[in-house]
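Here is what each chain is made of, one letter per residue.
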Amino acid sequence: MRLKTKIHLLTTLLMLVILMATNSGIYFLYEKFTYNTEYNQLQTRANDLSSTLSQLNAQTNLQQVLRAYMPTEGAIYIYEGERLKTKVQASLEMPEGPSITYKMPAIWIDGTVVDITLQQSTEGVKRTLDLLKVILVVVSVIATIPIFLASLALGRLILLPLERLNATMRKSATTGNYEKMEIKEKGGDELTNINRTFNMMMEKLEQHYQKQQEFVSNASHELKTPITVIESYAKLLLRRGFDNREVAQESLQAIANESSRMHDMVLQLLELAKNTEHLDVHFEQLELAPFLNKVASQMQQAYHRTFIVEVEVPRFIYSDEKILKQLLFILLDNARKYSEDEIRILATETTNDVRITIQDFGMGIPAEHIPHLFERFYRVTGDRNRKTGGSGLGLAIAHEIAEQLGITIVVKSTLGEGSSFTLCIPKEGPQ
Ligand code: ADP
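Residues numbered from 1 in each chain as written. Predicted model: local features only at pLDDT ≥ 70, side-chain atom pairs only at ≥ 80, totals over all residues. Heavy atoms only, no water.

**Q** Can you tell me about unusual backbone geometry, naming the residues and giving the values?
**A** Look at Glu-73: it is not a glycine, yet its phi comes out positive at around 50°. Looking at the element boundaries, Glu-73 is found in the loop between helix 2 (62-69) and strand 1 (74-80). Located in the positive-phi region is His-304, a residue other than glycine, with phi close to 50°. Take His-304: it is sitting in the loop between helix 6 (288-303) and strand 6 (307-311). (Helix = DSSP H or I, 4+ residues; strand = E, 2+ residues; numbered from the N terminus.)

**Q** I'd like a description of the site of the ligand, backed by residues and values.
**A** Around the ligand, a shell composed of 21 residues is seen, among which Asn-334, Tyr-338, Asp-360, Ser-391 and Leu-395 lie nearest. Here Gly-394 contributes a backbone N or O atom positioned 3.4 Å from an oxygen atom of the ligand. Residue Leu-395 places a main-chain N or O atom 2.8 Å away from an oxygen atom belonging to the ligand. Notes on the ligand: free accessible area 530 Å², of which the protein chains cover 99%. Its residues placed into classes, the shell around the ligand shows nine nonpolar, eight polar and four charged. (Near = heavy atom within 4 Å. Polar contact = N/O pair within 3.5 Å; in protein donor to acceptor, adjacent residues only side chain to side chain. Areas by Shrake-Rupley, 256 points an atom, 1.4 Å probe, with all protein chains shown as cover. Nonpolar A, V, L, I, M, F, W, Y, C, P; charged D, E, K, R; others polar.)

**Q** Could you give an account of the nonpolar core, naming the residues involved and the relevant values?
**A** Residues Leu-324, Leu-327, Leu-328, Leu-332 and Leu-423 are the most contacted members of the largest nonpolar core, which totals 48 residues. In terms of residue count, the dominant contributor to this core is helix 7 (residues 321-337) (eight residues). Inspection of this core shows a minimum of three residues originating in each of domain 2 (190-275) and domain 3 (284-426). If near-sequence neighbours (up to four positions away) are discounted, Leu-423 is found in contact with Leu-324, Leu-327, Leu-328, Leu-331, Val-354, Arg-355, Ile-356, Ile-407, Thr-408 and Ile-409. Among the nonpolar cores identified, the runner-up in size contains 20 residues, and Leu-49, Ile-78, Ile-100 and Trp-108 belong to it. (Core = buried A, V, L, I, M, F, W, Y, C linked by side-chain atoms within 4.5 Å. Buried < 20%, exposed > 50% of the residue type's maximum accessible area, 1.4 Å probe, protein only. Domains from an automatic or database assignment. Contact = heavy atoms within 4.5 Å.)

**Q** Give a description of the domain arrangement of the chain that names residues and reports values.
**A** The assigned domain composition of the chain is domain 1 (3-126), domain 2 (190-275) and domain 3 (284-426). One C-alpha centre belongs to domain 2, the other to domain 3; they are set 24 Å apart. Counting from both sides, the interface comprises 11 residues of domain 2 and, opposite them, 12 residues of domain 3. Of the roughly 1100 Å² buried where domain 2 meets domain 3, counting both sides, 59% is carbon and sulfur surface. (Buried area = accessible area lost by both parts, 1.4 Å probe.)

**Q** Tell me about the packing of aromatic side chains, and name the residues and values.
**A** Within this structure, the stated rule accounts for four aromatic pairs. When the ring of Tyr-178 is compared with that of Tyr-209, the centres are 6.0 Å apart and the planes differ by 45°; the resulting orientation is tilted. Here Tyr-178 is found in the loop between helix 3 (123-175) and helix 4 (190-241), whereas its partner Tyr-209 is found in helix 4, with 31 residues between them in sequence. Of the residues examined, Tyr-178 reaches a relative accessible area of 25% and is grouped as partly exposed. Above the plane of the ring of Tyr-303 lies Arg-336, whose end atom (NZ or CZ) is 3.8 Å from the centre. (Phe/Tyr/Trp six-rings, centres within 6.5 Å; stacked < 30°, edge-to-face > 60°. Lys NZ or Arg CZ within 6 Å of the ring centre and 35° of its normal.)

**Q** Could you give me a rundown of helix 7, with the residues and numbers involved?
**A** Spanning 17 residues, helix 7 covers 24 Å between terminal C-alpha atoms, matching the ideal 24 Å at 1.5 Å per step. Every buried residue of helix 7 is accounted for by Ile-323, Leu-324, Lys-325, Leu-327, Leu-328, Ile-330, Leu-331, Leu-332, Asn-334, Ala-335 and Arg-336. (Expected span 1.5 Å × (residues − 1).)

**Q** Tell me about the packing of helix 1 (residues 3-54) against helix 3, and name the residues and values.
**A** With their axes 8 Å apart at the nearest point, helix 1 and helix 3 run at an angle of 155° to one another. Considering their axes alone, helix 1 and helix 3 lie roughly antiparallel with respect to each other. For helix 1 against helix 3, the interelement crossing comes out right-handed. (Axes fitted to C-alpha atoms, helices over the stretch in contact; angles between N-to-C directions. Parallel < 35°, antiparallel > 145°, perpendicular 65-115°, else oblique. Left-handed = near helix turned anticlockwise from the far one by under 90°.)

**Q** Which residues make up the pattern of salt bridges, and what values do they have?
**A** Under the definition given, this model contains 15 salt bridges. A salt bridge links Glu-258 to Arg-261; its shortest N-O distance comes to 3.7 Å. You can see Glu-258 and its partner Arg-261 sitting in helix 5 (residues 245-273), three residues apart, about one turn around the helix. Look at Glu-258 and you get buried, because its relative accessible area is 16%. Look at Arg-261 and you get buried, because its relative accessible area is 15%. (Salt bridge = Lys/Arg side-chain N within 4 Å of Asp/Glu carboxyl O.)

**Q** Account for helix 6, with residues named and values stated.
**A** The end-to-end C-alpha distance of helix 6, which contains 16 residues, comes to 23 Å, matching closely the 22 Å that a straight helix rising 1.5 Å per residue would cover. Where helix 6 is concerned, the buried positions are Leu-288, Phe-291, Leu-292, Val-295, Ala-296 and Met-299. Across the axial projection of helix 6, the buried residues extend over an arc of 125°, all falling on one side. Looking one or two residues past helix 6, His-304 carries a phi angle of roughly 50°, positive in sign. (Arc of directions from axis to C-beta.)

Right, here's the structure in full:
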């Protein structure tokens, strides 16, 4: 059964049950209340009659007195023991049908104790109750129509947004586009929130897909050059390498250089392919000076260059040691590659963050290139990069890692004088 029909049937049924229960309740309460009122009236009348009888004398016209207290459509019976002493009634014959009676003792005019019984026909009450029953049934039947229509509208109201969502998903699946739902910017109900979540999910998927596309096209483009170089030198080696030692030497050297460049590039590509959004980041308190000294000495050991650490303040920072080290290695490696002199690592602090600056005194970066440095495969043009054999991926990786740590990187550079890359590390960790 369709969900719409289920909602429709269930709500209609529920409303009808509630309506019937309410109407029955009204009927039974009204019935009880009416009979109680009638009975109380009869009781009051009997009490009044009893007290009047006790004050009468032999000359009083008894029939007249009894008539005065007689209930409408009723009768009064006076019994002395089992014997009917006298009776008055509204008509000659008591109407047959339902009635209520009230019986109580009283003192008769001759001083004897008698039982007075007041009888009241409830035919009128019954007629009113029957009329009420008819009215309630008719009202219930008439109310069924709006209930039926309302539940139909309710089913539509709930399911229409879901049907639209389903249609959008189906369209996405068939067209291969990342279709989104049209929704209001703010507010809305739970269903609008579902649509909002759906749009967010689609946006993420689209971003991932675009990132992946961009990555694949960049990677294949970048790998094409070293492969072409290797291929052409290998062919040269095949043609002339066996006779000419110099050609063989040059070709093998080029092949070795390009393959090691490719090796580095593939490693970096794998690094980038890792989903940095889900890096396992463990923030902890790090003692800054020993940490920077360790990083510097590792670099010094590997490249036999001078790295000078100057920690002014602070003593501690709050970050992930392993990931921050990876970030520093990328920047220090660049500083080493693009300069000849010593490299300085300087730590300072401002009100909100700790700053670690990596300063080199190398060739510098032209100002127009600085905004693009963190793009994948971006390299400052010219021969200068050829000998360093970079891939243009280092700073892209650095940027992604920095984002995970809540760090911003500020670049300053003067051509011919050197460059500085400053890491601004929030004191309280990422917000
Ligand atoms: P690469 O593997 O080419 O070094 P990066 O992404 O690390 O790739 O750097 C991108 C480009 O930025 C480099 O090709 C280089 O031209 C420039 N660059 C990065 N760091 C420095 C630096 N310290 N001094 C001068 N140029 C730099």
